[in-house]
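As a plain string of letters, each chain reads:
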Amino acid sequence: MQNIRKRFWTDNYPEGVPKDIDPEKYPNLNALIDEAFDNHPQATAYTCLGRSITFFEARQYAEKISQFLMEEGFEKGERVAVMLPNILQNPVAIIGVLRAGLVVVNINPLYSSRELCHQLCDSEAKAIIILGNFCDKLADIISKTQINYVIQTNVGDLLGLKGKFINFYLRFVKKVVPMVSFSGVSTFQFSSLMKRNYPTDPKTVRLNSSEIAFLQYTGGTTGTSKAAVLTHRNMIANCLQAEAWFQPVLKELSTGKTSKTENVGTMVCALPLYHIFALTACLFLGLRVSLKNLLIPNPRDFKGFVKTLSKENFHIFPGVNTLFNYMMKEKKFSDLDFTELKVSLGGGMAVTSSVAERWQEKTGCSLIEGYGLSETAPCVSVVPVTSRVYTGNVGLPVPSTLVRILGESSQDLGVDEIGEIAVSGPQVMREYWKNEEETNKVFTKDGFFKTGDLGFMDSSGYLKIVDRKKDMIIVSGFNVYPNEIEDVVSSFEGIVECAVVGMPDKDTGESVKLFYVVDGQYNFNVDELKSFCRGSLAAYKCPKQFEERKTLPKSNVGKILRKELR
């Protein structure tokens, strides 16, 4: 097992980034949250649909949630599901559940009834905080679950008078809020809970850092979705790791700002808060350092998204490759003011060189890449925020993190050798929820988490992801990595996005099949694309089959789902 002295990559950390963080600094996540609320109460915490709330207001709303749950008799460690888009109620609900000593189960609002049922049953959640728009899905399956409390909210509930008009419009004009009643369960309106009065000295729950904070379900891109058990310590650690990594930029942004009413800067929160990337990088880092989170409820409305950005100065922009790609195609994107943008961070899927190059050309800000998983809360490695060019790798392991590259027999591989990435650190999950068999599969005997991703580390400690282990294609005994082919094809003019999968082949075992989407402004013959591939790739890597699609299947954050193309 590697020891601290072998973390040679720390020699390449930017100035101001520590080699280690202290995951024991706080007894629980609530202590970190309370300190943040105390440090900058009058700064803006969240802005959404034209309404902003301060950290003080967010604390008050969250306390009403936590006091309600405790008064209703919820016991420490019970699970509460949160099924909300990026609206003001989302961070308030998450913090409120945590303050009550309960476990947050984040749920994708786009889930079908079947997917919702699986997650509620598996987590054994007793309550759910849900947007009214999705209550019909819940009504279909609630009798199969252990849910006995439903807290329903509507988009405008924290938007003041404007919100009342929004709620009326969505329910009675757009008719996107179904009229649903639940029998046999206690139902409450979020707006009513916010009007309740509780003691000024609220009840608290004693928690230690080893207790569960989140059941964070994996995206399920390679199989059935499993819940990573993330403890308070895991979340504290990754929040502090993110803060440490962003120090060079945070120092620059905070220069001259001493007032508790001032934000350090603005974070664009277009990634859904139910996804681990946004949960840590936006919600908890924002709380920690007083970044205003600009919540984007529907980032797929690119026209509306760009309009929102046109009214804001923004400094940090996390996203995924597909989001950056499609945003740049929006007509008024080039009219945005990017002069204050310090960090553009891609994660969740590989950032292609063509997207990164166009992003830097249009914004003047380099698109850096990070790597992580639900199981690691999520940060494992990130390109230094001081980088001014696209590097093509996923950076250096973050503070207090060990990374190994393992061979087929779990032996350590050397520099530039491709193997499975394994991680150890305070941010690594405790286990998979109620799944000892899967837990045993992913941990080595010395406690490293095997990510299932193939990659290598160079002599400076920079990590490069080659592909998912399960996505690798073997053509006549040669290893073919879809990411490499997709990066090449994405640079062909007129290609919007693409995906590569392996298909059975009687001659070579497997062959490469390419799926691609074409920009309507371009018109080319597929033979031109084939010729381009032959000139850019070794013969065995060249796609044998080509299929044009109008769209490609994607996960909740825009990650292309190769498994659905096989």
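From a predicted model like this one, the values you see are computed outputs, not experimental measurements.

**Q** Teacher, can you tell me more about the overall build of the chain here?
**A** Helix and strand counts for the chain come out as 16 helices and 26 strands. Compactness check: the chain gives a C-alpha radius of gyration of 23 Å against a globular reference of 24 Å for 566 residues, within 12% of the reference. Referenced to the eigenvectors of the C-alpha coordinate spread, the extents of the chain come out at roughly 70 × 60 × 50 Å. By the burial criterion, 61% of the 566 residues in the chain qualify as buried. Between the averaged position of the 65 positive side-chain charges in the chain and that of its 63 negative side-chain charges there is a distance of 4 Å.

**Q** Please clarify how the domain arrangement of the chain should be interpreted in this entry.
**A** Each domain of the chain was delimited in the assignment, giving domain 1 (1-24 + 230-468), domain 2 (55-207) and domain 3 (473-564). A C-alpha centroid distance of 27 Å is found between domain 1 and domain 3. With both chains or domains summed, domain 1 and domain 3 bury close to 1,500 Å², and 52% of this area falls on carbon and sulfur atoms. The largest per-residue losses of area from domain 1 upon contact with domain 3 belong to Thr322, Tyr326 and Asp467, which jointly make up 26% of the total buried on that side. The tally of links from domain 1 across to domain 3 stands at 2 salt bridges. A salt bridge links Asp519 to Lys329; the nearest nitrogen and oxygen atoms lie 3.9 Å apart. Between the two partners, domain 1 and domain 3, sit 9 residue pairs in polar contact (both at pLDDT 80 or more). At the level of elements, helix 12 (321-327), helix 13 (353-363) and strand 21 (463-468) are the ones that each hand at least two residues to the side of domain 1 that touches domain 3.

**Q** Could you clarify how one ought to interpret the packing of aromatic side chains in this entry?
**A** Working definition: an aromatic ring pair is given by the centre-to-centre distance plus the angle between the planes. If you walk through the whole model with that rule in mind, you get 22 aromatic pairs. Aromatic side chains Phe314 and Phe317 sit 6.5 Å apart centroid to centroid with 90 degrees between the ring planes, which places their arrangement in the edge-to-face category. What makes Phe314 buried here is its relative accessible area of 1%. By relative accessible area, Phe317 is classed as buried at 0%. For Arg404, the ring lying beneath its charged end belongs to Phe448, and the centroid distance is 4.6 Å.

**Q** I'm lost on the pairing of strand 1 (residues 44-48) in this one. Help?
**A** Regular strands show a simple pattern: their side chains alternate between the two faces of the sheet. The element strand 1 is largely enclosed, with a buried count of 5 among its 5 residues. Summarising the sheet, strand 1 and strand 2 (residues 51-54) pair through 4 bridges and their orientation is antiparallel. Of the residues in strand 2, the one forming a bridge with Thr44 is Thr54. In this antiparallel pair of consecutive strands, strand 1 and strand 2, the connection spans 2 residues, and Leu49 shows a positive phi of 50 degrees. Note that strand 1 and strand 11 (residues 291-295) share 2 bridges and pair parallel. In the sheet register, Tyr46 faces strand 11, and the bridge partner there is Asn293.

**Q** Please clarify how the pattern of salt bridges should be interpreted in this entry.
**A** Any two side chains of opposite charge can pair, on the condition that their charged atoms come close. Within the structure shown, the criterion is met by 35 salt bridges. For Arg51, the salt bridge identified is with Glu57, shortest N-O distance 3.9 Å. Salt-bridge contacts for Asp467 lead to Arg562; the nearest nitrogen and oxygen are separated by 2.7 Å. Taken together, the residues Asp467 in strand 21 and Arg562 in the segment after strand 26 (545-548) connect sequence positions 95 residues apart. Take Asp467 and Arg562: they sit in the same class, and that class is buried. Look at the salt bridges and you will find they share partners, linking Asp34, Asp38, Arg59, Glu63 and Arg99 into a network.

**Q** Could you clarify how one ought to interpret unusual backbone geometry in this entry?
**A** Generally, phi is negative for residues other than glycine and the peptide bonds are trans, each holding for most cases. The omega torsion across Ala377 and Pro378 is -10 degrees, close enough to zero to call that bond cis. Mapped onto the secondary structure, Pro378 falls in the loop between strand 14 (367-372) and strand 15 (379-382). Even without being glycine, Ala377 reaches a positive phi, approximately 70 degrees. Summarising the element assignment, Ala377 is placed in the loop between strand 14 and strand 15. Judged by its relative accessible area of 0%, Ala377 is buried.

**Q** Sorry if this is basic, but what is going on with a nonpolar patch on the surface here?
**A** The grouping of Phe168, Tyr169, Phe172 and Val173 at the surface amounts to a nonpolar patch, some 430 Å² of accessible area in total. Given a relative accessible area of 42%, Tyr169 falls into the partly exposed group.

**Q** Got a minute to help me understand helix 13 in this structure?
**A** Owing to its 3.6 residues per turn, the α-helix aligns residues three or four sequence positions apart on the same side. Every buried residue of helix 13 is accounted for by Ser353, Ser354, Val355, Ala356, Trp359 and Thr363. Buried-residue contacts for helix 13 involve strand 12 (316-319), helix 12, strand 13 (343-346), strand 14 and helix 15 (482-490). Of the residues trailing helix 13, Gly364 is marked for its positive phi of about 80 degrees.

**Q** I would appreciate a short explanation of the nonpolar core in the present structure.
**A** Inside soluble globular proteins, nonpolar side chains tend to come together where they are buried. Counting residues in hydrophobic clusters, the biggest one holds 169 residues, and the most contacted among them are Phe214 and Phe284. Ranked by residues supplied to this core, first place goes to helix 10 (residues 276-289) with 11 residues. When residues of this core are sorted by domain, at least three fall in each of domain 1 (1-24 + 230-468) and domain 2 (55-207). Non-local contacts of Phe214, meaning those with residues more than four positions away in its chain, are made with Leu29, Ile94, Leu98, Val103, Val104, Asn106, Ala228, Val229, Leu230, Met235, Leu279 and Phe284.

**Q** Any chance you could explain the side chain of Asp505 here in plain terms?
**A** Locating Asp505 in the fold gives a position in strand 24 (residues 495-505). Residue classification places Asp505 among the buried positions, given a relative accessible area of 12%. Side-chain polar atoms of Asp505 contact the backbone nitrogen of Asp507, separated by 2.8 Å. Apart from residues lying up to four places away in sequence, Asp505 is in contact with Glu510, Ser511 and Lys544.

**Q** Is there a simple way to think about a positive patch on the surface in this case?
**A** Taken together, the side chains of Lys162, Lys303, Lys307, Lys311, Lys331 and Lys332 make up a positively charged region of the molecular surface. Examined against the element boundaries, Lys162 turns out to sit in helix 6 (residues 161-173).

**Q** Explanation requested: the layout of surface pockets in the structure shown.
**A** Over the atoms rolls a probe the size of a water molecule, and its path tells where empty space is left. In this structure, the second largest pocket spans a volume of roughly 1,400 Å³. Surrounding the second largest pocket, 47 residues form its lining, Ile296, Pro297, Asn298, Pro299 and Asp301 being those nearest its centre. Elements with a minimum of two residues in the lining of the second largest pocket: strand 1, helix 6, strand 11, helix 11 (302-309) and helix 12. Element by element, the count of residues in the lining of the second largest pocket is highest for helix 11, at 5 residues. Residue classes in the lining of the second largest pocket are distributed as 28 nonpolar, 11 polar and 8 charged.

Conventions adopted
Residues numbered from 1 in each chain as written. Predicted model: local features only at pLDDT ≥ 70, side-chain atom pairs only at ≥ 80, totals over all residues. Heavy atoms only, no water. Helix = DSSP H or I, 4+ residues; strand = E, 2+ residues; numbered from the N terminus. Rg over C-alpha atoms; globule rule 2.2 N^0.38 Å. Buried < 20%, exposed > 50% of the residue type's maximum accessible area, 1.4 Å probe, protein only. Lys, Arg positive; Asp, Glu negative; His and termini not counted. Charge placed at Lys NZ, Arg CZ, Asp CG, Glu CD. Domains from an automatic or database assignment. Buried area = accessible area lost by both parts, 1.4 Å probe. Salt bridge = Lys/Arg side-chain N within 4 Å of Asp/Glu carboxyl O. Polar contact = N/O pair within 3.5 Å; in protein donor to acceptor, adjacent residues only side chain to side chain. Phe/Tyr/Trp six-rings, centres within 6.5 Å; stacked < 30°, edge-to-face > 60°. Lys NZ or Arg CZ within 6 Å of the ring centre and 35° of its normal. Pairing = 2+ DSSP bridges. Patch = residues over 30% accessible without salt bridge, like charges linked within 9 Å, V, L, I, M, F, W, Y side chains within 5 Å. Areas by Shrake-Rupley, 256 points an atom, 1.4 Å probe, with all protein chains shown as cover. Contact = heavy atoms within 4.5 Å. Core = buried A, V, L, I, M, F, W, Y, C linked by side-chain atoms within 4.5 Å. 1 Å grid on protein atoms, 1.4 Å probe; cavity = no way out; pocket = protein on both sides within 12 Å on 5 of 7 lines; lining within 4 Å. Points joined across faces, edges and corners; volume = space filled by probe spheres on them. Nonpolar A, V, L, I, M, F, W, Y, C, P; charged D, E, K, R; others polar.

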